[in-house]
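The chain contents come next:
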Amino acid sequence: MKLYNTLTRTKEEFTPLDPQNIRLYVCGVTPYDDPHLGNARPMVVFDVLFRLLRHTYGESAVKYARNFTDIDDKIIARANELGEDPATLAERFIHSYHDDAAALGCLPPTYEPRVSETQVMEGIITFIEKLLKKGSAYEIPGDGIYLDITQIDGNDGYQYGKLSGNKLEDLVAGARVEANTAKRNSGDFALWKLAKPGEPQWKTPWGAGRPGWHIECSVMSEQLLGDKFDLHGGGEDLQFPHHENEIAQSVACHGHIHANVWLHNAFITVGGKRMGKSMGNFTTIKDALEKYSPEAIRLWLLQTHYRKPVDYSDEALIAAENRLKKLLPKALAVTNPAPMPQGFLDALKDDLNTPKALGKMGSIEETATCLRFLGLL
RNA sequence: GGCCGGAUGGCGAAGUGGUAACGCAGCGGUCUGCAAAACCGCGAUGCGCGGGUUCAAAUCCCGCUCCGGCCUCCA
């Protein structure tokens, strides 16, 4: 199986650390609103990868973790806005996420950790203590604990900026927006934020507060999959700063990058422009489901390679709907499904080339099997 | 400004050296009282533009145009 690794910018042959124990970690969401179609893409793409890995290495050999960042500035802000308890609000949108993922035919991950879990929070505190002890992290009194991105030397020679294609010098020197002059480098980021009155908080040796944005993924992945695992995925937007910072923490803590292969899906666009929360041009999965069948949405997403943008339009969704309208009744009527054609499987194993695979489903007996495999039947 | 992608028939989308998968729409046919559905068939002499390399290029090289993304909120 080949996969494109953002870390090396090349398509590589995937070699598991342990074929009996394949480990995949995908960044989920911060549950402060209903998930939109941009969130649906990694849901579906990595679900197909999960299915492919299970098919290749055996169902019990694959572990898939997808987190919820249920403690975050955006959640607190939204909760204040609505006069709702932050934890209740997060819980509500986690349910919403689960509903949508299930509707879109995604298998439940093996693990779905949350930052607010006691074990995770304790892990975060321990992790930060280690970084402080090592001198990779420092305190800004009255503010929080920060990671010094120039102090992360690991034995694998990782340089901050490699994943996202940035140069450390540029990031250290190029203070674009310098909100916090107490930081040693402009690229330094918060591991822990000291609480302001009324905010959710946890006690630590350096003061009560809550975790920064990136730390949770380093800790949860380590707790569930170990400090070295196979695959780490997420949306393209997470490449920087989230994944870059996650790597920085883990390298600083463990001396090596925590995941071998870094996978990033491209964006959903609308009229060629990125669909995003801050653009205000997003469509929630629930709204899309009012207009189109879940299978059509799933097929629409899989009709384009995951590293290329997909444009959301009525035309595209209707085309997917029409294809299924013709295909599904025939596929459902198949009583003697045939094995998946090799060409179908080969396409999927070539960096998850779902559009190519969809063109190689073969006879209707084979197609039924393929559709079922893809979660479309 | 720095870095990274993309441009393939009406639309979407594979294909990264050997002569353009697949899907949607369209068109023709079979069937039907007509239509729909279903089934069968057709469709780019050409892959943003200009050069170059090669026996051979959508695929490699050089230059150009346009579009998008990231540069510390976003899957």
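Computed from a predicted model, the values in this text were never measured in an experiment.

A. Just the sheet that holds strand 4 (residues 62–68), in detail. Pairing in this open sheet of 4 strands is parallel, and the strands run 4-3-9-10 from one edge to the other. Pairing within the sheet leaves two strands with one partner each, and these edge strands are strand 4 and strand 10 (259–265). For this sheet the average axis-to-axis angle between neighbouring strands, irrespective of direction, equals 20°. As paired elements, strand 3 (residues 22–29) and strand 4 share 6 bridges and run parallel to each other. The partner of Tyr25 across the bridge, within strand 4, is Ala65. The sheet contacts of helix 6 (residues 215–225) involve strand 3, strand 4 and strand 9 (229–235), and relative to strand 3 the element is tilted by about 150°.

B. Fine view of the layout of surface pockets. In this model, the largest pocket occupies a volume close to 900 Å³. Around the largest pocket sit 42 residues that line it, and Gly28, Val29, Asn39, Asp237 and Leu238 are the ones nearest its centre. Of all the secondary structure elements, the ones that give two or more residues to the lining of the largest pocket are strand 3, helix 1 (37–57), strand 4, helix 2 (73–82), helix 3 (86–103) and helix 6. Its residues assigned to classes, the lining of the largest pocket shows 18 nonpolar, 12 polar and 12 charged.

C. Up close: the environment of Leu301. The residue Leu301 is located in helix 9 (residues 294–302) in this model. Each C-alpha atom, one on Leu301 and one on Tyr312, is 9.4 Å from the other, the two residues being 11 residues apart in sequence. Not counting residues up to four positions away in its chain, the partners in contact with Leu301 are Ala40, Arg41, Val44, Ile268 and Val310.

D. Molecular detail of helix 6. The buried fraction of helix 6 is high, at 8 of 11 residues. Along helix 6, the residues that are buried comprise Ile215, Glu216, Cys217, Ser218, Val219, Met220, Ser221 and Leu225. Of the residues one or two after helix 6, Gly226 is the one with positive phi, at around 100°.

E. Here's a closer look at the packing of helix 4 (residues 118–134) against helix 6. Contact geometry of helix 4 with helix 6 gives a least axis separation of 9 Å together with a crossing angle of 110°. Classified by the angle their axes make, helix 4 and helix 6 are roughly perpendicular. Two secondary-structure elements touch here, helix 4 through Gln119, Val120, Gly123, Ile124, Phe127 and Ile128 and helix 6 through Ile215, Glu216, Ser218, Val219, Met220, Glu222 and Gln223. For the contact of helix 4 with helix 6, a count of residues per class yields 7 nonpolar, 4 polar and 2 charged.

F. Examining the pairing of strand 7 (residues 189–194) more closely. Among the 6 residues in strand 7, 5 count as buried, and that is most of the element. By the bridge criterion, 3 bridges tie strand 7 to strand 8 (residues 209–211) in an arrangement that is antiparallel. Among the inter-strand pairings, Trp192 is bridged to a residue of strand 8, identified as Pro211.

What counts, and where the lines are drawn
Residues numbered from 1 in each chain as written. Chains lettered and ligands numbered in written order. Predicted model: local features only at pLDDT ≥ 70, side-chain atom pairs only at ≥ 80, totals over all residues. Heavy atoms only, no water. Pairing = 2+ DSSP bridges. Helix = DSSP H or I, 4+ residues; strand = E, 2+ residues; numbered from the N terminus. Axes fitted to C-alpha atoms, helices over the stretch in contact; angles between N-to-C directions. Contact = heavy atoms within 4.5 Å. 1 Å grid on protein atoms, 1.4 Å probe; cavity = no way out; pocket = protein on both sides within 12 Å on 5 of 7 lines; lining within 4 Å. Points joined across faces, edges and corners; volume = space filled by probe spheres on them. Nonpolar A, V, L, I, M, F, W, Y, C, P; charged D, E, K, R; others polar. Buried < 20%, exposed > 50% of the residue type's maximum accessible area, 1.4 Å probe, protein only. Parallel < 35°, antiparallel > 145°, perpendicular 65-115°, else oblique.

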